[in-house]
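Geometric and topological summary
Single-letter residue listing:
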Amino acid sequence: MFTTAMVKIPCKNLVNGISNANLGKPDYSLALAQHTRYREALEACGLEVVVLAADENYPDSTFIEDTCLVTPHCAIITNPGAETRRGEISSVKKAMEALGLTVEAIQAPGTLDAGDIMMVGSHFLVGLSLRTNKNGFEQLSSLLRKYGMTAAAVPLTTVLHLKTGISYLENNTLLAAGEFLNKPEFQSFTLLPVDEREAYAANCVWINDRVLVPMGFPETKHLIEEKGYTTIEVDASEFRKLDGGLSCLSLRF
Ligand code: CIR
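This write-up is about the structure you can find in this document. Residue positions within a chain follow its written sequence, with the count starting from 1. At least 70 in pLDDT is required for a residue's local features to be given in this predicted model, at least 80 for side-chain atom pairs to be given and counted, and no such filter applies to totals for whole chains, interfaces and linings, which use all residues. Water and hydrogen atoms were dropped before computing side-chain values, which therefore reflect all heavy atoms in the structure.

1. So, helix α2 (residues 89-98)
In an α-helix, one full turn covers 3.6 residues, which means residues spaced three or four apart are oriented alike. In plain terms, the rule: For each residue, the accessible area found with a 1.4 Å probe, counting protein chains only, is set against the maximum for its type, and the residue is called buried under 20%, exposed over 50%, and partly exposed in between. The helix count covers DSSP runs of H or I at least four residues long, the strand count covers runs of E at least two residues long, and both are numbered beginning at the N terminus. Throughout, the arc means that of the directions going from the helix axis to the C-beta atoms. Should any heavy atoms of two residues lie within 4.5 Å, those residues are counted as being in contact.
Buried residues of α2: V92, A95 and M96, and no others. Considered in projection along α2, the buried side chains sweep an arc of 100° and stay on one side of the axis. Counted as exposed and oriented over 90 degrees from the buried face of α2: K94 and A98. The elements touched by buried residues of α2 are β1 (4-8), β2 (48-52), β3 (68-70), β4 (75-77), β5 (103-105) and β15 (251-252). Two residues or fewer past α2, G100 is found with a positive phi of approximately 85°.

2. Notes on helix α3 (residues 134-146)
The criterion, for reference: Every helix has an expected span of 1.5 Å times one less than the residues it contains. Side-chain atoms alone can form a polar contact between residues adjacent in sequence; in general such a contact is a pair of N or O atoms within 3.5 Å, and within protein one must be able to donate a hydrogen while the other accepts it.
In a regular helix each residue adds 1.5 Å, so 13 residues correspond to 18 Å; α3 covers 18 Å between its end C-alpha atoms and thus fits that length. Structurally, α3 contributes buried residues whose contacts are with β3, β4, β5, β6 (117-120), β7 (123-128) and β8 (150-155). Among the residues of α3, the N-terminal cap falls to N133, whose side-chain oxygen and the backbone nitrogen of N135 are separated by 3.3 Å. Just beyond α3, the residue with positive phi is G148, at close to 80°.

3. A word on the packing of aromatic side chains
The condition that has to hold: Whether two aromatic rings pair depends on their centres lying within 6.5 Å, for rings of Phe, Tyr and Trp, where Trp uses its six-membered ring; planes under 30 degrees apart make the pair stacked, over 60 edge-to-face, and the rest tilted. Sitting over a ring, as applied to charges here, requires NZ of Lys or CZ of Arg to be within 6 Å of the ring centre and within 35 degrees of the ring normal.
A complete count under the given rule lists 6 aromatic pairs for this structure. Measuring from centroid to centroid gives 6.4 Å for F186 and F189, while their planes differ by 40°, and the two rings are tilted. Of the two residues, F186 and F189, neither departs from the other in class, the shared state being buried. Seen in terms of ring centroids, Y200 and F217 are 5.7 Å apart; in terms of plane orientation they differ by 40°. Their pairing is tilted. Note that Y200 is positioned in the loop between β11 (190-193) and β12 (205-207) and F217 in the loop between β13 (210-214) and α4 (218-226), a separation of 17 residues in sequence. As far as the burial class goes, Y200 and F217 line up, both buried. Through pairs of rings, three or more aromatic residues link up here, namely Y168, F180, F186 and F189. Its guanidinium or amino end placed over the ring of Y200, R240 lies 4.7 Å from that ring's centre, counting from NZ or CZ.

4. As for the site of the ligand
Condition: Only heavy atoms are used to decide nearness, and a residue is near a molecule or strand if one of them lies within 4 Å of it. Note that accessible areas follow from Shrake-Rupley with a 1.4 Å probe, and for residues the cover is restricted to the protein chains shown.
Taken together, 13 residues form the shell around the ligand, and within it I18, D60, R131, L242 and C248 come nearest. Interatomic distance of 2.8 Å between a backbone N/O atom of I18 and a nitrogen atom of the ligand. H161 has a polar side-chain atom sitting 2.8 Å from an oxygen atom of the ligand. With the chains in place, 98% of the 350 Å² that the ligand exposes on its own is no longer accessible.

5. Overview of the sheet that holds β8
Applied cut-off: Pairing between strands is defined by DSSP: at least two bridges between the two strands are required. Axis geometry follows a simple rule: fit a line to the C-alpha atoms, using only the stretch in contact for helices, then measure angles between N-to-C directions, giving values from 0 to 180 degrees.
Taking strand neighbours across the sheet as the criterion, the 3 strands line up as β6-β7-β8 in an open arrangement whose pairing is mixed. The open sheet has two edge strands, β6 and β8, and neither has a second partner. Neighbour-to-neighbour, the strand axes of this sheet turn through a mean angle of 25°, independent of strand direction. The strands touched by α3 are β6, β7 and β8; relative to β8, the strand with the most contacts, the crossing angle is about 160°.

6. Description of the environment of K134
Along the chain, K134 turns up in helix α3. When its relative accessible area of 55% is taken as the criterion, K134 is described as exposed. Here the alpha-carbon distance between K134 and P109, two residues 25 residues apart in the chain, equals 9.7 Å.

7. Section: the environment of Y147
Within the secondary structure, Y147 sits in the loop between α3 and β8. Residues Y147 and R252, spaced 105 residues apart in sequence, show a C-alpha to C-alpha distance of 19 Å. Look past the residues within four positions of Y147 in its chain and what remains in contact with it is H73, C74, T102 and E104. A polar atom in the side chain of Y147 sits 2.5 Å from the side chain of E104.

Next comes the structure, spelled out in structure tokens:
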């Protein structure tokens, strides 16, 4: 069960965030409204939401998930793979310390985006991507070991982050698209295959037996509901324009 979420308000400079989506620039007012609705959805799942102020120095900083992995034993501040995002970590570190969490950190030359990390109980699957390197994975792995947790690496080929293409819905159930459907690492899970046309919806968020699903992907929503979950649709169109999904917009712990 999660009790808390942390989000960071999108800054106006969001429109200049990193993007390979080719979907045009986000509309800032719409992004703000969608972010508010996202916060309300987190609250509807019973979470207390800690809100960090917008920071114009970091266009991508609303994608707070990448900056920290929060485990039941400690918070691990990452070293984001994109240079323009490295400075995002200081406000998150402060906020984690203010909550009284034990804080660890990944150091250069290791790089790690926590969008590459999927938690399955006390085991963490970590995508090796353009953002997360082997050194970052090894540092993470040894930090997790120190607290009695484990990690395994999953080399990625087509997606930005591991959780771009896969979401753990607890109960040994994985929502998966594309390259993840055939990866040996995932064959022991019950796989819910996301249709290629709805690949964006492979990034959903399980919170206390509810699942946040991006708006506009009816087949995936149906697939999840058929398994007995209650879904909450949240429009993420403006964040999608920057390659961001629903999970990227919060830390949940
Ligand atoms: C980036 O390229 O870093 C941002 N525009 C999007 C980050 C999305 N985060 C995530 O998938 N965890």
